[in-house]
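Examining the three-dimensional arrangement
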Amino acid sequence: MPKRRRAPSPQEQERHQEYLADDVPEVHRRLLEHVLANNARLSKVKIAKLPHGIGIVASERIGKNEEITFIPTPLLINLHDIPFPNSSPLDHPTKIHSSLAAYIASKLPSSDAFISILPPAESFKSSLPLFWPDKILQNSPPWIQSFVQTQRQKLSSDYAHALKWHDHVDFTREEYECAWAAVNTRTIYYRPKKWYKIPAEDCMTMCPFIDYFNHDARGAESCTVTFSPDGLRVTTQKSYTPGEEIFVTYGDYNNDHLLVEYGFTLPQNHNDNIILTPYLTPLLSPLHQKILKEASFTGEYILDEKEICYKTLTALRISVIPPETPKSSKLYKNFLSLLDGKLSEDEYAALNPSSESEVSNTLSTLIKTIESDATSKTAALNTLLLDEEFTDHKASIESAIERWGQYMAIITAYRENQS
Ligand SMILES: C[S@@+](CC[C@H](N)C(=O)[O-])C[C@H]1O[C@@H](n2cnc3c(N)ncnc32)[C@H](O)[C@@H]1O
């Protein structure tokens, strides 16, 4: 955390204005003054109010490979800033997500320059499925439901950890949840060399100002965020015209993942797909699953606009081997030879013509099940939109409906690409 704070001079205040679009709320000016007073370097960028919240735009023409933001290490908020009683944080059985959330929650509501720019609780509650009422969640895609269950377990365990290790600070469960969501949506992976002993999941930092950058999925066109011992740097990978929004990338995420972790989806997301796992796994017997696991063919089964991945095809191939088939049968032997590369796909298909057509039928049935879910769950969500009990949850319901619409669009594109 920064050690120095002083009021900006009138000249500095005037200079700061160039980093702020006109309609940006005052709290962001304070954050700006705070980072500039602590040796941040900002070049040709402005904080702006955009349709999807606050973001960063070019204030003038920017070229490719230019450093546009540098935030020095003392401004970062991470392991080193957590006041653990009587010990160094590096020796502590820490869970950084939990502790950062406790740190922020204990300061809410706050006049602190960084904490006061965090989005309000209502914005997390409506955008993040984690906080959606069960009736909305139950009508959302099943992968979202299961990811939210995992997130809820993590939140509960982090809260218990926070109560145990940070009992010297004061916060309510609601403040903690909101702070936890802020940490979840605003931290950056950060692993300086001296952190080599720290588990990867604790290598995260909050980074004032850099957390204003929104995400896109334009890969090589998004800015890079790199760290060095002296701080974090944002560098362009393309040129920008004045007023153009500047994005970084949070990762190659599909829209389910973006929705659960960050509370939004991208209308054009080339990483988008449908995770078939919740639909496909119930078709796999314990033996199927054991074989797939031994061959490392478990994990997410994916369908995108163009194809199903090879892992999905493999899981579908084994799913059509009847569960009572002995492992010593010819069917399994052929399948295992395919997995080992002793049989090519064509040879396997020639040996098992009926099972290959069953694979196609199973896949079309799965896709039809998803379509039918999309239709029935969208209808249920539309009914909730008319229900007075859900008046305050319109945005969350609309998000879930939108996600089903994206599933339908992926299926339509997939069929077109197959025909
Ligand atoms: C690191 S913050 C970015 C700054 C944020 N927009 C703000 O108002 O402070 C991440 C959050 O910004 C929003 N966000 C980021 N990229 C977005 C995008 N492409 N479309 C919509 N919302 C986005 C989401 O709410 C996400 O949880």
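Everything below is about the structure shown above.
Residues numbered from 1 in each chain as written. Predicted model: local features only at pLDDT ≥ 70, side-chain atom pairs only at ≥ 80, totals over all residues. Heavy atoms only, no water.

Quick word on the sheet that holds strand 2 (residues 45-50)
In plain terms, the rule: What makes two strands pair is DSSP finding at least two bridges between them. The numbering of helices and of strands both runs from the N terminus, where a helix is a DSSP run of H or I of at least 4 residues and a strand a run of E of at least 2.
Spatially, four strands are ordered 2-3-10-7 in an open sheet, and the strand pairing comes out mixed. Among the strands making up the open sheet, the edge pair consists of strand 2 and strand 7 (214-215). Inspection of the sheet shows strand 2 paired to strand 3 (residues 53-58) by six bridges, in the antiparallel sense. Residue pairing for strand 3: K46 is matched across the bridge by V57.

Considering the pattern of salt bridges
The condition is simple: Salt bridge, as used here: a side-chain nitrogen of Lys or Arg that lies within 4 Å of a carboxyl oxygen of Asp or Glu. For every residue, the accessible area (1.4 Å probe, protein chains only) is compared with the maximum for its type, and the residue is labelled buried under 20%, exposed over 50%, or partly exposed between those bounds.
Counted according to the given criterion, the structure contains 20 salt bridges. In this structure, K154 and D158 form a salt bridge, with 2.8 Å as the shortest nitrogen-oxygen distance. Of this pair, K154 and D158 both sit in helix 6 (residues 142-165), separated by four residues, roughly a single helical turn. Its relative accessible area of 1% is what places D158 among the buried residues. Because the salt bridges share partners, they merge into one network encompassing R41, E67 and R233.

Let's talk about the site of the ligand
Heads up, the condition is: The rule for a residue being near a molecule or strand is that one of its heavy atoms must lie within 4 Å of it. What qualifies as a polar contact is a pair of N or O atoms within 3.5 Å, subject to a donor-acceptor requirement within protein and to the restriction that residues adjacent in sequence count only when both atoms come from side chains. Accessible areas in this description were obtained via Shrake-Rupley with a 1.4 Å probe; residue shielding takes into account the shown protein chains only. Classification convention: Asp, Glu, Lys, Arg as charged; Ala, Val, Leu, Ile, Met, Phe, Trp, Tyr, Cys, Pro as nonpolar; all other residues, Gly among them, as polar.
Around the ligand, 14 residues are found, and the nearest of them are I54, R186, N214, H215 and Y262. H215 places a main-chain nitrogen or oxygen 2.8 Å from a nitrogen atom of the ligand. In this structure, Y262 approaches the ligand through a main-chain N or O atom, which is 2.7 Å from an oxygen atom. Starting from 560 Å² of accessible surface for the ligand in isolation, the protein chains cover 84%. Breaking the shell around the ligand down by element, the ones donating at least two residues are strand 3, helix 7 (173-186) and strand 7. Its residues assigned to classes, the shell around the ligand shows seven nonpolar, five polar and two charged.

Description of the packing of helix 8 (residues 255-262) against helix 15 (residues 394-418)
Cut-off, in case you're wondering: All axes are obtained by fitting lines to C-alpha atoms, using only the stretch in contact for helices, and the reported angles, taken between N-to-C directions, cover 0 to 180 degrees. When describing relative orientation, an angle under 35 degrees is termed roughly parallel and one over 145 degrees roughly antiparallel, while 65 to 115 degrees is termed roughly perpendicular and anything else oblique. Working rule for handedness: look at the near helix, and if it is turned counterclockwise from the far one by less than a right angle, call the crossing left-handed; if clockwise, right-handed. The contact criterion used throughout is that any non-hydrogen atoms of two residues lie within 4.5 Å.
Their axes nearest at 11 Å, the elements helix 8 and helix 15 cross at an angle of 165 degrees. Taken together, the axis directions place helix 8 and helix 15 in an arrangement best described as roughly antiparallel. Here helix 8 and helix 15 pass one another in a crossing that is left-handed. Residue-level inspection shows N255, D256 and L259 of helix 8 in contact with helix 15, the latter providing S399, R403, Q406 and Y407. Looking at the contact of helix 8 with helix 15, its residues break down into two nonpolar, three polar and two charged.

Structural notes on the nonpolar core
For clarity, the cut-off: Note on terminology: a nonpolar core comprises buried Ala, Val, Leu, Ile, Met, Phe, Trp, Tyr and Cys residues joined through side-chain atoms within 4.5 Å.
In terms of nonpolar packing, the biggest core is built from 69 residues, with Y176, F209, F213 and I246 touching the most fellow members. Contact partners of I246, with chain neighbours within four places excluded, come to V45, I56, V57, A58, I62, I68, F213, N214, C223 and Y240.

Some remarks on the sheet that holds strand 9 (residues 231-235)
Here we have four strands laid out as an open sheet, ordered 1-4-9-8, and antiparallel in their pairing. Edge positions in the sheet fall to strand 1 (41-42) and strand 8 (224-228), since each of these pairs with one other strand and no more. Sheet topology note: the strand 8/strand 9 ladder contains five bridges and is antiparallel. Bridged to V225 within strand 9 is V234.

Topic: the environment of N254
Along the chain, the position of N254 falls in the loop between strand 10 (245-248) and helix 8. Distance from N254 to A217, taken between C-alpha atoms, is 9.4 Å for residues 37 residues apart in sequence. Aside from chain neighbours lying at most four places away, what touches N254 is N269, N271, D272, N273 and I275. Engagement of the side chain of N254 in a polar contact is seen with the backbone nitrogen of H257, the distance being 2.8 Å. Separated by 2.7 Å, the side chains of N254 and N273 make a polar contact.

Section: the side chain of E356
Looking at where E356 falls in the secondary structure, it is placed in helix 14 (residues 353-386). We classify E356 as buried; its relative accessible area is 18%. Discounting residues that sit within four places of it in the chain, E356 has contacts with R317, Y348 and A349.

Here we look at the environment of Y262
Mapped onto the fold, Y262 is located in helix 8. Judged by relative accessible area, which is 18%, Y262 ranks as buried. Remark: the alpha-carbon pair of Y262 and L128, spanning 134 residues in sequence, is separated by 6.8 Å. Residues contacting Y262, with those up to four places away along its chain left out, are L128, N184, T185, Y250, Y253 and H257.

Remarks on the packing of aromatic side chains
Using the following cut-off: Only rings of Phe, Tyr and Trp enter the pairing, Trp through its six-membered ring, and a pair is recorded when the two centres are within 6.5 Å. The plane angle decides the type: under 30 degrees is stacked, over 60 is edge-to-face, the rest tilted. Only Lys NZ and Arg CZ are tested; either one counts as a charge over a ring when it is within 6 Å of the ring centre and within 35 degrees of the ring normal.
Inspection of every chain in the model, using the stated rule, returns twelve aromatic pairs. On the numbers, 5.3 Å between centres and 65 degrees between planes, the contact of Y190 with F227 is edge-to-face. Of this pair, Y190 sits in the loop between strand 5 (187-189) and strand 6 (204-206) while F227 sits in strand 8, and the two are 37 residues apart along the sequence. Overall, the relative accessible area of 34% leaves F227 in the partly exposed class. Pairwise contacts between aromatic rings join Y159, F171 and Y176 into one cluster. Above the plane of the ring of Y159 lies R173, whose end atom (NZ or CZ) is 4.6 Å from the centre. Stacked on the ring of Y240, the Lys or Arg K238 has its end atom at 4.2 Å from the ring centre.

Comments concerning unusual backbone geometry
It is generally the case that most residues other than glycine have a negative phi and that most peptide bonds are trans. Not every positive phi belongs to a glycine, and N39 is a case in point at roughly 70 degrees. Here N39 is to be found in the loop between helix 2 (26-37) and strand 1. Its relative accessible area of 54% is what places N39 among the exposed residues. Phi is positive for S296, close to 60 degrees, though the residue is something other than glycine. Relative to the helices and strands, S296 resides in the loop between helix 10 (286-294) and strand 12 (302-303). A relative accessible area of 59% places S296 in the exposed class.

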